[in-house]
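# Structural overview
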Amino acid sequence: MEKIFCDIRKCLGCKSCEIACGVEHSTSKNIFKSIREEKKPRQRVIVRSTTKEPFPLRCHHCEEAPCIEACMSGAMYKDEKGVTRHDPDKCVGCWMCIMVCPFGAISRQESLALKCDLCPDREDSFACVEACPTKALFAGTWDEFKKRLGQEKR
Amino acid sequence: MHYVIVGGSASGINAIEAIRSLDKEGKISLISDEEFSLYSRCLITYFLAGKLTEDKLKYRSSDFYEKQKVEALHGIKAKKVLPEKRKLLLDNGRELAYDRLLIATGASPKMVEVPGSDKEGILGLRTYQDAQLINERLDKVNTVSILGGGLIGLRAAYSLHARNKQVKVIVKSNQVLSQMLDSGAANFIRRKIEQKGIQVMTGLAAVEFLGGKEVSGLVLDDGRKLECELVIVGKGVRPNLELVKGTEIKTDYGIIVDDYLQTNFPNIYAAGDVAQGKDLISGQSTINALWPCAVAQGRVAGLNMAGKKLKYDGSMAMNSVEFFGLPVISMGITRPKDKEYEQLVREDEKNFVYKKVVLRKNRVQGMILVNKIEQAGVMGILMRKKVDVSSIKEMLLEDKFDFAKILPIIKEGKELFTEREFEESTISY
Amino acid sequence: MKKQDKSIDKASQELLEIAEREGIDTAWERYEAMVPQCGFGELGLCCRNCLLGPCRIDPFEEGPQKGVCGATPEIIAARNLTRMIAAGASAHSDHGRDVAHTLLLAAQGKTEGYGIKDEDKLLSLANELGIKTNRRDKKEIAKEVAEKVFSEFGQQHGELQFSHRAPEKRQALWRKLGIMPRGIDREIVEVMHRTSIGVDNDPENLITHGMKTALGDGWGGSMIATELSDVLFGTPRPIRAKVNLGVLKEDEVNLVVHGHEPTLSDVIVTASQDKELIELAKKNGAKGINLAGICCTANEILMRHGIPIAGNFLQQELAITTGAVDLMLVDVQCVMPGLSSVARCFHTKIVSTSPKAKFPGAEHVEFNEEEALPIAKKIVRMAVENFKNRMKEKVNIPKVKMDLVAGFTAESVFKFLGGRYRATYRPLNDAIINGRLRGAAAIVGCNNPKIKQDWGHVEMAKELIKNDVLVVVTGCSAIANAKAGLLKPEAAFQYAGKGLQEICQAVGVPPVLHVGSCVDNSRILITLCNVVNEGGLGEDISELPVAGAAPEWMSEKAVAIAFYVVASGVFTVLGNPFPILGSREVTELLTRRLTEVVGANFAFESDPIKAAQLMIDHINKKREALKLKPVMYEKEEVLVK
Ligand SMILES: Cc1cc2nc3c(=O)[nH]c(=O)nc-3n(C[C@H](O)[C@H](O)[C@H](O)COP(=O)(O)OP(=O)(O)OC[C@H]3O[C@@H](n4cnc5c(N)ncnc54)[C@H](O)[C@@H]3O)c2cc1C
Ligand code: SF4
Ligand code: SF4
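For clarity, every value in this text was computed on a predicted model and none was experimentally measured.

This brings us to a negative patch on the surface. On the surface, a cluster of negative charge is made up of Glu2, Glu123, Asp124 and Glu144 of chain A. Overall, the relative accessible area of 42% leaves Glu144 of chain A in the partly exposed class.

If you want it as structure tokens, here you go:
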């Protein structure tokens, strides 16, 4: 399955991914307009840090996703591509998913859970990956990511 | 191969999916005494509150049985298991033969046995039907007494408050949510719900119900009388064991299962609220009557029934609720009795923030998070994997604590963190 | 990006194709590689002013809302913007300072490259500055003028001399607001002080001082640059010339000057006409020496000598891509460091000349005013000698060029519009008053790959003149409009509304007037003062039916200009917003509240047609306020709107 990986060594903590994610999930998809939208767009990736390095926290679209197992409303589900999706219509804000996500990748937007949805409005790209100026974020399969890391190890 | 599943809820449905993922051909039959199916009972208080419509209670689409090729028998109760005959006796008199049986009958509310408890208007809250019954009465109700300050009691209180009823919660112990929280965290919740107009009375119990055919009030053990037209009993649940009574199937508080969710009969499995198995943290045999546990157990049982040999790690006490915008999550041991436990606590009254971590030999054994809950799952994984957290102990209660902080621990404990996602996130670290 | 989306200019499109084929990187590719650009920067929410930071504020209001020092988004955005003003003002002012320096040297007889070309202007300046002129040697006067002007830069108190040119009412307002600039440098230094950590943390106070600093540019540094350039190099007069990359010649030595200051480019003109050097060029197999310019230094020699213009800002790399430029001489401002890597693909020599501006991969021939001519000749010789290295197979000169008329000034505008014999603004004012003209607008500023090259400038100009708004242009906007043919008198018939057409026809001017380089925006200020003084259109600049715009701006200089224009009372539309939108308060101040303070505000609109509409609406409002007659040839569609 294609998803987002991060080469932590390259992340500079610029938070461009956060911004791009917020804009992608706005109505206008325009940075200047998005920050003034009535309902504030929310980013689903948050750059935090290990004790030293910056690290973008986000959903890993787990193969056996604990959040889906825990979700008591059926709001969290896997789509046919293997993406862990969230249906806001079903969500009741019980935070069972937050309780079990080992990555802390889910946040609360009022009474709805919020997490990475792998940019459903885009054909074949991810906003954060595109925005990453150091190319620390990578879009592809696990094997492709490993291959890339292999190529770059000197 | 004929799989028979009794109980079509969290465990049963997930077992069906697990079986079908391995065995596309075998016959699957489902017996459920409920007419309304494929719904999440955890949501019935939201339904009662008027926040969800009936269709939103369903967590699977209505063609589920068809797609999974399941013969679903609703409104039929399994009366008894006949292990020697490999048959199930149904309340319509039929006998149903099985090759593999899953008992996923869940639990029922414990009711109170005091004078007057047979009056109309004294109800448990477990099923959609219960919720409907309550709903139907609500027009003639001004005041509701809730017996029990547990999760279901408070959720019920919350939902009826949302319907503009006067709500009083009567709690036997001296705090709410005593299964889930310590008194520190419980006080935050109590403060919050009282602020919003739900009355909480602790250290009290109902000793008698008043009224004619219908309940009109109750008497407390301190002699006080309360008027109410509806009583909801939320005093915990007890596993539905009737169908194994008098059989060779081993029971204690629930049906005893091993690490594979098998009973003492190799072709009979049990899962969910009815199954008593290993607790991940304490190692003792217990029931954690929780939705995620029921789902996971159903899945593991199903896979094993279809031929896999998958071990279940054990269940963990945990829960998550939100009242009036104040979320709380707790896990594991929250009120240690023993001196061997170390407790880290952070309290911020003004912002309703409360955090607690319980440690034993530098391993996380339990935790409570009030209001700032986002990183609960990260603590959860530390608990599950039973890793030494001495290197990050100082950080655990801080707001900056998050997954990034445990990368070194994951890196070191590769044998424990076997899920691929952990490798993905640490490979370049 | 397709080449059609990069530029509307056919010559640019042609060369972009070649650049792509040859794998030559241009600003467009580098821009694309940079997209998406940092949102914090775009919104003005990052601060690097001290080492508590770098700090950035989360515009979605989840992450940090204050810098480490406690700075709010409003403070950070205001500080950053004010610093941009200071940087822009310093660029123009330093340019002005260099021109003053040249005048001083010329007056002292220390340089043979320069003389005093416009004595009338010298005398009138001397009068204005309170310098005696009676029976004095012009060099003496020039020296004193230069010295007096010099002192304006470092002046610590009092008021800048040229600010007294503004209408009385405007001056009074500036004094009331405390934004009458004291000294050019002083205000800039104060910006740097105020915006450093822990000093001025009131957004409005910061912006107010920013306006003061900008006024010190518009009515100080820039105006000095313009006025003294006229004295030294002659006041421009309308002149015909050609524009676009097609002016490069296959069979001649092509020397391109690029940058801003006229001091060097002007002597290069002289040097390129040197008989000996032309002989040498012929010996090297060329038919002659062809001089062309890019950016404002090009505008300077275009206006005064009719030297052709090769292109505007985004064409600097494309000029080299023609393979026909033997030498590109650069001085200061808007010179891309990317030039030398393009030059490396060809035989082109890049020669830097200013001690202030050195470039990687460029040869440095340091310029000084004392030896201006010999240095200029040396550089021309380098160009001539490099001709033989030209790789014939790599030469691709687009056959695209356009005629234009340039060189209008505050003086010549009224000479023209007033008729050849009556030097007065009366006819211009009357044309506005009786509604033949709706009003006037200035389109200025840069190119920016964020907006299709020239599209913003040209579409806006067309829309305005169609609605009988007389347009004046400077800088790269002037070049853009020239390339589009709008600086030809005939353009009036094709594009202008009926009223404007009548005027253009009567006086024989184009509907879009080239008034100079970027520092020459000061000419626009003076023109506005003259219009107010002529009477009938109110007592202050802010009452005039005029507007300004910078549809493709990118430079900090544009920020300074925009601010002195608004602080002088002119509504201004910017194609790209200032990087401040992350702050509600600063946005509100600039786009709305400023009107109550200085009588004008900003608008941000990237669509040039919509931007032009905003300007027209504004002009209409001003006409209404002045109770002017309805516009003579109001079009249906405008009325409907
Ligand atoms: C109001 C409410 C709120 C809750 N909130 C939470 C929460 O926030 N978090 C959490 O983790 N858990 C919560 N729970 C608990 C959760 O719902 C249970 O843990 C979960 O439903 C257990 O699933 P199960 O499949 O084991 O059994 P059940 O859901 O109890 O299902 C058992 C099914 O079997 C049927 N059945 C029983 N006996 C027979 C028989 N003999 N023949 C045929 N059918 C039979 C029953 O009618 C029922 O349909 C809540 C429960 C309630 C009632
Ligand atoms: S939200 Fe968390 S648990 Fe769910 S798929 Fe994403 S990372 Fe896994
Ligand atoms: S918060 Fe929403 S998505 Fe998360 S478990 Fe609850 S219902 Fe499911």
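To continue, consider the interface of chain A and chain B. Counting residues at the interface gives 45 residues for chain A and 50 residues for chain B. Together, the buried faces of chain A and chain B total about 4,000 Å²; carbon and sulfur atoms form 60% of this surface. Taken as a group, Met72, Met99 and Trp142 of chain A account for 18% of the area that chain A buries against chain B, more than any other trio of residues on that side. Our count for the chain A to chain B interface comes out at six salt bridges. We note a salt bridge from Glu64 of chain A to Arg299 of chain B, for which the minimum N-O separation is 3.4 Å. Remark: the boundary between chain A and chain B carries 18 residue pairs in polar contact (both at pLDDT 80 or more).

The next point concerns the sheet that holds strand E16 (residues 230–233) of chain B. Residues and elements named next belong to chain B. With respect to topology, five strands assemble into an open sheet ordered E9-E16-E10-E11-E12, the strand pairing being parallel. Whereas interior strands pair on both sides, the edge strands pair on one side only; in this sheet they are strand E9 (122–124) and strand E12 (199–202). Looking at each pair of strands side by side, their axes are set apart by 20° on average, direction ignored. Strand direction decides the pairing type here: strand E10 (residues 143–147) and E16, joined by four bridges, are parallel. Pairing of Ile146 across the sheet is with Ile232, part of E16.

Our focus in this paragraph is the sheet that holds strand E25 (residues 353–360) of chain B. Residue and element names in this part refer to chain B. Here we have five strands laid out as an open sheet, ordered E22-E23-E26-E25-E24, and antiparallel in their pairing. Every other strand in the sheet has two partners, leaving strand E22 (318–323) and strand E24 (341–348) as the edge strands with one partner each. Looking at each pair of strands side by side, their axes are set apart by 10° on average, direction ignored. Sheet topology note: the E25/strand E26 (residues 363–370) ladder contains seven bridges and is antiparallel. Residue Val357 lies in a different strand from E26, and its bridge partner there is Met367. The sheet strands contacting helix H8 (residues 376–385) are E22, strand E23 (326–332), E25 and E26, and the helix crosses E26 at an angle near 160°.

The next thing to look at is the site of ligand 2. Taken together, 13 residues sit near ligand 2, with Cys59, His60, Cys62, Cys67 and Cys101 of chain A positioned nearest. Split by residue class, the shell around ligand 2 holds nine nonpolar, three polar and one charged.

Here we take up the site of ligand 3. Cys71, Ser73, Cys91, Cys94 and Cys97 of chain A are the nearest of the 13 residues found near ligand 3. Among the residues making up the shell around ligand 3, the classes are represented as 10 nonpolar, three polar and no charged.

With that settled, consider the interface of chain C and chain A. Across the boundary between the two partners, chain C contributes 18 residues, which contact 19 residues of chain A. For the pairing of chain C and chain A, the buried interface totals around 1,700 Å² over both sides, and the portion due to carbon and sulfur atoms is 63%. The three residues of chain C that bury the most area against chain A are Arg56, Phe60 and Glu62 of chain C, which together make up 37% of that side's buried surface. Remark: the boundary between chain C and chain A carries one salt bridge. Of the charged contacts, one joins Lys40 of chain A and Glu61 of chain C as a salt bridge, the two residues approaching to 3.5 Å between their closest N and O atoms. Put simply, chain C and chain A have three residue pairs in polar contact (both at pLDDT 80 or more) between them. Looking at the side of chain C that touches chain A, the element that brings in the most residues is helix H4 (residues 39–43) of chain C, giving four residues. The residue makeup of the side of chain C that touches chain A, split by class, is nine nonpolar, three polar and six charged.

Turning our eyes to something else, we now look at the domain arrangement of chain B. All names here are of chain B. Taken as a whole, chain B is organised into domain 1 (2–107 + 239–305), domain 2 (111–235) and domain 3 (327–425). Computed from C-alpha atoms alone, the centre-to-centre distance between domain 2 and domain 3 is 34 Å. Listed by partner, the interface residues are 12 residues for domain 2 and 13 residues for domain 3. Considering only the surface of domain 2 that becomes buried against domain 3, Met180, Asp182 and Phe188 emerge as the three largest contributors, covering 51% of it. For the pair domain 2 and domain 3, the number of links is two salt bridges. A salt bridge links Lys356 to Asp182, with the shortest nitrogen-to-oxygen separation between them at 2.9 Å. Connecting domain 2 to domain 3 are seven residue pairs in polar contact (both at pLDDT 80 or more). For the side of domain 2 that touches domain 3, the per-class residue count stands at five nonpolar, four polar and three charged.

Scoring rules and cut-offs
- Residues numbered from 1 in each chain as written.
- Chains lettered and ligands numbered in written order.
- Predicted model: local features only at pLDDT ≥ 70, side-chain atom pairs only at ≥ 80, totals over all residues.
- Heavy atoms only, no water.
- Patch = residues over 30% accessible without salt bridge, like charges linked within 9 Å, V, L, I, M, F, W, Y side chains within 5 Å.
- Areas by Shrake-Rupley, 256 points an atom, 1.4 Å probe, with all protein chains shown as cover.
- Salt bridge = Lys/Arg side-chain N within 4 Å of Asp/Glu carboxyl O.
- Lys, Arg positive; Asp, Glu negative; His and termini not counted.
- Charge placed at Lys NZ, Arg CZ, Asp CG, Glu CD.
- Buried < 20%, exposed > 50% of the residue type's maximum accessible area, 1.4 Å probe, protein only.
- Contact = heavy atoms within 4.5 Å.
- Buried area = accessible area lost by both parts, 1.4 Å probe.
- Polar contact = N/O pair within 3.5 Å; in protein donor to acceptor, adjacent residues only side chain to side chain.
- Pairing = 2+ DSSP bridges.
- Helix = DSSP H or I, 4+ residues; strand = E, 2+ residues; numbered from the N terminus.
- Axes fitted to C-alpha atoms, helices over the stretch in contact; angles between N-to-C directions.
- Near = heavy atom within 4 Å.
- Nonpolar A, V, L, I, M, F, W, Y, C, P; charged D, E, K, R; others polar.
- Domains from an automatic or database assignment.

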